[in-house]
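A closer look at the structure
Here is what each chain is made of, one letter per residue.
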Amino acid sequence: MLAPYLAEGLNAPFSHAGLMHRTKGNAFELAEMGRAVGAAWINITRAAIQSPFNPAPRAMLGSLSGMLDFAHHMYGAHMKHEFDFSVLDAERTMELAQAAGVSRDQVHPRTINGAPTDFEIEIVDRKPFGNLKHFVVTDAHGEPHAPERPPLLIVAPMSGHFDTLLTGTVYRLMRDYDLYITDWQDAKNIPVSAGTFDLDSYISYLKDDWLPLINERHQDGDTLQRKVHTLAVCQPGVPLMAATAMMDEDNSPHTPLSVTMMGSPIDTRLSPTKVNKLAEERGINWFLEQAISQVAWGNAGAGRKVYPGKAQLLGFMMMNADSHIDAHKEMALGMAFQEWNEKVEKGNFRHLTLGSIDTARRREDFYKEYKTVCDLPAEFYLQTIDTVFQRHLLPRGEMIYTDPHTSAQRIVNPSSISRVAIMTVEGGRDDITGRGQTSAIHDLTPNLPDDMRTHHEQTDVGHYGLFNGKQWRTQIAPRMIHFTSEADRKNGLVYAPRSETLEAYRSAGIEPEMAP
């Protein structure tokens, strides 16, 4: 529950903070209108330049067309979209074809035991602030694929991006799990009449609704079994652990079998990063006044107080401004000089190329997702700053959960966890969640047997590389899959091994005899 004085400051329309909130909300809306006008002119010019009826010579238009493609990326609207695996499919196809020494049209990027698969997305639960999605893997005939796979709930971060930020995560895990993912909604599109949403609401969605729902969907007998695994990527670590601790303490039959946390800020007092230091240096009132804005009229959520996703994006990009500038330079060069590069390469003058279209497209694909942002409910943002980053209530044993339905309060006690396997993953170059912040949960769960916990550090990745990219696919994911398979085995659950999984174990250095 948000502290009373913060709630009062958040809802005082004529206070200094209230005036600041409205002013910033209107400023964001004006900036968006300006962007939309600029994007419209770019699209008109781009269509004219790229039209097959344009009489100007192609040699003259090539670079200009590429530069307009770059401008379209910079000024275009990055809207919420559904999962798109086309780029990952192309990369996977090339990898498999090269490994097998065959042409790309002879391999399928997504298989289970060698059989081609596809997927459909169903929404199994809708709530005002988030939906629960289920990835239904289908066979060549469009039927749900057999054999059965263990259910896994991916708890996507509510930190300014949509669930599609985890496209690479979902893509890698679909063949090994029956996947579900939280789909948090953009707060500026949620009417004020839907009420508020804070950290306790987040915990309740997991504890009271989605974990029981998923577990019940996977029962096949008269006896209720615990079957669900969970994965928290970054921010959800604290709320997922809070939900799990209370469920285990209550001996709930829906308590997850395992929790895997990657780059989660369990105890930010350890190896504090720039993000952690900023939260420590600024008082909570600074965040109330400076970080919050009010959704402007014209949006479905008009009047709602939010933390703007664009502000979060700007903050993260400024932390690594040099690397983002270099990436955009690579994108601009690759797009602008695509035709030039193709010509000089044909003439064997590769040393005269400027940039790379392949690099540019990879950058574009990354930033298309990275720049697609959403606003957060102000209550959730402020309570998270206060609870997780400033007062560190979970590791100090002082976190209080307030039930959104009954207002009953209770202490969140991680030491009550004794039946849930816990895996933590950290990146050696993570500049958002410092070393030791995620693995701190092991010290907070003394009643969990040692053979039900593990920690993995991937020394050569940063924060994003924990759940996307080559190291995620080839090193981190196989270890997570093996860990959850062990949890299944210890709980009497047997799933048929998949040939692709066994091969991934071998590639990651996990001996086949170690695999379940």
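All of the points below concern the structure found in this document. The shown structure was predicted, so the numbers you read here are calculated from the model rather than taken from an experiment. (Residues numbered from 1 in each chain as written. Predicted model: local features only at pLDDT ≥ 70, side-chain atom pairs only at ≥ 80, totals over all residues. Heavy atoms only, no water.)

Moving on, we get to the overall build of the chain. Along its length, the chain carries 16 helices and 15 strands. With 516 residues in all, the chain has 53% of them scored as buried. Contacts in the chain between residues at least 24 apart in sequence constitute 76% of all its contacts with a sequence separation of at least 6. Element-wise, carbon and sulfur atoms account for 56% of the exposed surface of the chain, whose accessible area totals about 23,200 Å². (Helix = DSSP H or I, 4+ residues; strand = E, 2+ residues; numbered from the N terminus. Buried < 20%, exposed > 50% of the residue type's maximum accessible area, 1.4 Å probe, protein only. Contact = heavy atoms within 4.5 Å. Areas by Shrake-Rupley, 256 points an atom, 1.4 Å probe, with all protein chains shown as cover.)

What follows concerns the sheet that holds strand S8 (residues 258-262). Sheet strands pair by backbone hydrogen bonding; their relative direction is either parallel or antiparallel. Ordered by their spatial adjacency, 8 strands build an open sheet running S3-S4-S6-S5-S7-S8-S14-S15, and the pairing between neighbours is mixed. Each edge of the open sheet is held by one strand with a lone partner, namely strand S3 (118-127) and strand S15 (453-458). Sheet twist, expressed as the mean angle between neighbouring strand axes with direction ignored, is 20 degrees. Here S3 pairs with strand S4 (residues 130-138) via 9 bridges, running antiparallel. Residue Ile123 lies in a different strand from S4, and its bridge partner there is Lys133. Lying over the sheet, helix H7 (residues 237-249) contacts strand S5 (151-155), strand S7 (229-233), S8 and strand S14 (421-427), oriented at roughly 165 degrees with respect to S8. (Pairing = 2+ DSSP bridges. Axes fitted to C-alpha atoms, helices over the stretch in contact; angles between N-to-C directions.)

Time to look at the sheet that holds strand S11 (residues 376-377). Judged by pairing direction, the sheet is antiparallel, and its 3 strands sit side by side in the order S9-S10-S11 without closing on themselves. Looking along the sheet, the strands with just one partner apiece sit at the ends: strand S9 (293-294) and S11. Inspection of the sheet shows S9 paired to strand S10 (residues 305-307) by 2 bridges, in the antiparallel sense. By the bridge assignment, Ser293 is partnered in S10 with Val306.

Take the packing of helix H6 (residues 199-217) against helix H14 (residues 378-390) next. Taken N-terminus to C-terminus, the directions of H6 and H14 make an angle of 95 degrees; their axes are 8 Å apart at the nearest point. For the element pair H6 / H14, the angle class is roughly perpendicular. In this structure, H6 uses Leu199, Asp200 and Tyr202 to contact H14, whose residues at the interface are Phe380, Gln383, Thr384 and Thr387. Of the residues that constitute the contact of H6 with H14, the class distribution is 3 nonpolar, 3 polar and 1 charged. (Parallel < 35°, antiparallel > 145°, perpendicular 65-115°, else oblique. Nonpolar A, V, L, I, M, F, W, Y, C, P; charged D, E, K, R; others polar.)

Attention now moves to the pattern of salt bridges. Evaluated as defined, the whole model comprises 28 salt bridges. In this structure, Arg110 and Asp89 form a salt bridge, with 2.7 Å as the shortest nitrogen-oxygen distance. Of this pair, Arg110 sits in the loop between helix H4 (86-100) and strand S1 (111-112) while Asp89 sits in helix H4, placing them 21 residues apart in sequence. In this structure, Arg110 and Asp89 share a single accessibility class: buried. When the shortest N-O distance is used, the salt bridge between Asp125 and Lys127 registers 3.8 Å. Connected through shared salt-bridge partners, Lys80, Glu82, Lys133, Asp163 and Asp183 make up one network. (Salt bridge = Lys/Arg side-chain N within 4 Å of Asp/Glu carboxyl O.)

Attention now goes to the pairing of S4. Burial of S4 is extensive: 9 of the 9 residues sit out of reach of the surface. Neither face of S4 is exposed, since Gly130, Leu132, His134, Val136 and Thr138 on one face and Asn131, Lys133, Phe135 and Val137 on the opposite face are all buried. The hairpin formed by S3 and S4 contains 2 residues between the paired strands.

For the rest of this paragraph, the subject is unusual backbone geometry. Although it is not a glycine, Asn113 sits at a positive phi angle of roughly 55 degrees. Of note, Asn113 is situated in the loop between S1 and strand S2 (115-116). Judged by relative accessible area, Asn113 falls into the partly exposed class, the value being 38%.

We now examine helix H11 (residues 321-336). The terminal C-alpha atoms of H11, which comprises 16 residues, lie 22 Å apart, in line with the 22 Å expected from a rise of 1.5 Å per residue. For H11, every residue scored as buried is listed here: His324, Ala327, His328, Met331, Gly334, Met335 and Ala336. (Expected span 1.5 Å × (residues − 1).)

This brings us to the packing of H6 against H7. Contact pair H6 / H7: the axes reach a minimum separation of 9 Å and the direction vectors enclose 50 degrees. Classified by the angle their axes make, H6 and H7 are oblique. Between H6 and H7 lies a crossing whose hand is right-handed. Residues Leu199, Tyr202, Ile203, Leu206, Lys207 and Leu211 of H6 form the contact with H7, whose participating residues are Pro239, Leu240, Ala242, Ala243, Met246 and Met247. For the contact of H6 with H7, the residue count by class is 11 nonpolar, no polar and 1 charged. (Left-handed = near helix turned anticlockwise from the far one by under 90°.)

Turning to the environment of Leu153, a few remarks are in order. Assignment of secondary structure puts Leu153 in strand S5. Along the sequence, Leu153 and His229 sit 76 residues apart, while their C-alpha atoms lie 6.3 Å from each other.

When the terminal C-alpha atoms of H6 are compared, their 26 Å separation across 19 residues agrees well with the 27 Å that a helix rising 1.5 Å per residue should span. Counting buried positions along H6 gives 14 out of 19 residues, so the element sits mostly inside the fold.

In the structure shown here, the tally under the stated rule is 19 aromatic pairs. Taking 5.6 Å as the distance between ring centres and 45 degrees as the angle between the ring planes, the aromatic pair formed by Trp184 and Trp210 counts as tilted. One end of the pair, Trp184, is in strand S6 (residues 178-184); the other, Trp210, is in helix H6, and 26 residues separate them in sequence. Residue class for Trp210 comes out buried when judged on its relative accessible area of 0%. Three or more aromatic residues joined by ring pairs make a cluster, and in this case those are Phe129, Trp184, Phe197, Tyr202, Tyr205, Trp210 and Phe380. Its end group placed over the ring of Tyr205, Lys127 keeps NZ or CZ at 5.5 Å from the ring centre. Residue placement shows Arg282 over the ring face of Trp286; its charged tip is 4.6 Å from the ring centre. (Phe/Tyr/Trp six-rings, centres within 6.5 Å; stacked < 30°, edge-to-face > 60°. Lys NZ or Arg CZ within 6 Å of the ring centre and 35° of its normal.)

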